[in-house]
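Coordinate inspection notes
Here are the chains, one letter per residue:
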Amino acid sequence: MECRQVENEISICKMSENVEEDEDCFGKIVADDNGFVLQDVPHLTDYIKDLSIVVQNDGPKRIHFRRAGPRQQVYFKSDEVNACIVTCGGICPGLNTVIREIVCGLSYMYNVNTILGIKCGYKGFYARNTIPLTSKYVNDIHKHGGTILGTSRGGHDTIKIVDSIQDRGINQVYIIGGDGTQKGASLIFEEIRRRDLKVSVIGIPKTIDNDIPVIDKSFGFDTAVEEAQRAINAAHVEAQSGENGISVMKLMGRNSGYIAMHATLASRDVDCCLIPESPFYLEGPGGLFEYITKRLRENGHLIIVVAEGAGQELMSEQSINMTDASGNNLLLDVGMWLSQKIKEHFTNIRKMVITLKYIDPTYMIRAIPSNASDNVYCTLLAQSAVHGAMAGYTGCIVGPVNGRHAYIPFHRIIDTQNQVVITDRMWAQLLSSTNQPSFLNPVKKDVDEKKVDTVTPRLSNSPTFNYYIDDLKDVLAGESLQ
Ligand SMILES: Nc1ncnc2c1ncn2[C@@H]1O[C@H](COP(=O)(O)OP(=O)(O)OP(=O)(O)O)[C@@H](O)[C@H]1O
Ligand SMILES: O=P(O)(O)OC[C@H]1O[C@](O)(CO)[C@@H](O)[C@@H]1O
Ligand SMILES: [Mg+2]
């Protein structure tokens, strides 16, 4: 019997003989037809035969995903593989690491030598030259921010892209990008499938906003939060040194306030964190101005971190209704607007002396190379992607779900966005740590009611809790028990 310990918890064994059930002291071993065995734990019903079930939950079954990793069955010969890699959307720490590790993974683990870099995002498939990628070429790229391939927004034309894939004889497509990119990847996969092409399409989710659902977190997020600490430190020094010092700092987060929330919790110097998921108001009891007054009185200074997507509904007078090339709404500068409103209120109306500094490190936190933990994470993602493509999986992204790397079908992640759930524990912890108002019970609202409908839904259920990796399925060499 060949046994293997998986992550210190689960012993999965492959039997050379067909053992159906066995007793091991007080443990149980149960085998299935494929030769996989479950090292089960004792249960009361093993020895109390008439034990009755008190609650029987017949609700819908939980969703499981196929675990990522190497497989016994590989569907591509090394010299047959013609792979390509493309990066799309905004930049993010770790892009180059993922590129490097896909190239090295293909080359070292599967002896693949034909890998093309597609230049400048989706439009590069039909409008640009390609870059031949080798392990030597990518050797040092993880030490640099950005993407060596270049990236872009817009320009997704499914037919032209798939024509180009077909014309070039590409049979593995690695697509690194955020929510928009993965929507585009899903369309490419569908067209490839419609044409019956032997082409694996694997997405590697990228976004510092951490807004991709299902996965635990996206790469680059940790690095961005860490870099934000440097800016918060500067904001703190400025605020501490000025008379009634107020620092307003804007961080990225179009629809999701994860960076702002984590940067606030990590720093302990931030007095107030404003995110898109939690509408706020300025005037009146429980409002931001009242809180600023209180903090200045107590502490002499204060730091506000605001996610770029927060408070958009408050800036009705400046509405621009414009989109970028990918169709994303262009946001108004909430940091600038908020700074102006605070100045007006305290200087003009309250006749107070304040020293306000507006700090905008938004691009600085995403233009850097990934930190150590993101590097490890990027490597695991890239290797999972390579194993998946070589094993013939397609139409999916790779990513960790409840701590285990998995293959997740595109359709699971493209219809929703991951957002901070303000009724969840983490936001509650942030409110307790900053002591800021929750803004949940406004006496006076500044919100332009007409605009509220146009903003992203505020409360969503955290989808992560509903997803599990089934340890029994697909753990060893990729064969499912079912
Ligand atoms: N619904 C869609 N269908 C097809 N392609 C899309 C779609 N949305 C976006 N894309 C394409 O995906 C690419 C990147 O999209 P986008 O600019 O929205 O960035 P993203 O991948 O969401 O990354 P991020 O927002 O984190 O920077 C663009 O080339 C865009 O044309
Ligand atoms: O200015 P750009 O490059 O369009 O990117 C800005 C956007 O990119 C993101 O960082 C996502 O990548 C958002 O937070 C932000 O709104
Ligand atoms: Mg996006």
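Residues numbered from 1 in each chain as written. Chains lettered and ligands numbered in written order. Predicted model: local features only at pLDDT ≥ 70, side-chain atom pairs only at ≥ 80, totals over all residues.

Let us now look at the packing of helix H3 (residues 158–168) against helix H4 (residues 179–194). Taken N-terminus to C-terminus, the directions of H3 and H4 make an angle of 60°; their axes are 9 Å apart at the nearest point. In this view, H3 runs oblique relative to H4, as classed from their interaxial angle. Seen along the crossing, H3 lies across H4 with a hand that is right-handed. In contact with Thr158, Ile159, Ile161 and Val162 of H3, H4 contributes Leu187, Ile188, Glu191 and Ile192. Each residue belonging to the contact of H3 with H4 can be placed in one class, and the counts come to six nonpolar, one polar and one charged. (Axes fitted to C-alpha atoms, helices over the stretch in contact; angles between N-to-C directions. Helix = DSSP H or I, 4+ residues; strand = E, 2+ residues; numbered from the N terminus. Parallel < 35°, antiparallel > 145°, perpendicular 65-115°, else oblique. Left-handed = near helix turned anticlockwise from the far one by under 90°. Contact = placed C-beta atoms within 7 Å. Nonpolar A, V, L, I, M, F, W, Y, C, P; charged D, E, K, R; others polar.)

As a matter of local geometry, ligand 2 sits amid Gly89, Gly90, Gly178, Thr207, Ile208, Asp209, Met252, Gly253, Arg254, Glu308, Asp324 and Arg366. Among the residues making up the shell around ligand 2, the classes are represented as two nonpolar, five polar and five charged. Two domains each provide a minimum of three residues to the shell around ligand 2, namely domain 2 (78–219 + 368–412) and domain 3 (228–365 + 419–481). (Near = placed C-beta within 6 Å. Domains from an automatic or database assignment.)

Turning our eyes to something else, we now look at the sheet that holds strand E15 (residues 355–359). With parallel pairing, the four strands of this open sheet are ordered in space as E13-E14-E12-E15. The sheet terminates laterally at strand E13 (272–274) and E15, the two strands that pair on one side only. Adjacent strand axes in the sheet meet at a mean angle of 15°, parallel and antiparallel pairs treated alike. Both strand E12 (residues 245–251) and strand E14 (residues 301–307) contribute to a ladder of seven bridges, which runs parallel. Among the inter-strand pairings, Ser247 is bridged to a residue of E14, identified as Ile303. Its contacts with the sheet place helix H5 (residues 221–241) against E12, E14 and E15, and it is angled at close to 160° to E12. Seen against the sheet, helix H7 (residues 288–299) touches E12, E13 and E14 and runs at an angle of roughly 145° to E14. (Pairing = 2+ DSSP bridges.)

UniProt's feature table lists "binding site: Mg(2+)" (unreviewed entry) at Asp179, given in the numbering used throughout. Of note, Asp179 is situated in helix H4. Once you skip the residues sitting within four places of it in the chain, Asp179 turns out to touch Thr207, Asp211, Ile212, Ile414 and Gln417. (UniProt positions renumbered as here; feature names shortened; annotations may be inferred.)

Here the focus is the nonpolar core. Core analysis: the biggest nonpolar cluster contains 111 residues, and Ile85 and Ile259 have the highest contact counts within it. With residues near it in sequence (within four places) discarded, Ile85 still touches Ile99, Ile102, Ile115, Gly117, Ile118, Leu133, Leu149, Tyr174 and Ile176. (Core = buried A, V, L, I, M, F, W, Y, C linked by C-beta atoms within 7 Å. Buried ≥ 20, exposed ≤ 12 C-beta atoms within 10 Å, placed from the backbone.)

Among the 21 residues in the neighbourhood of ligand 1, the closest are listed as Gly89, Gly90, Gly178, Gly180 and Gly184. Tallying contributions element by element places H4 first for the shell around ligand 1, with six residues. In terms of residue class, the shell around ligand 1 is built from three nonpolar, 14 polar and four charged.

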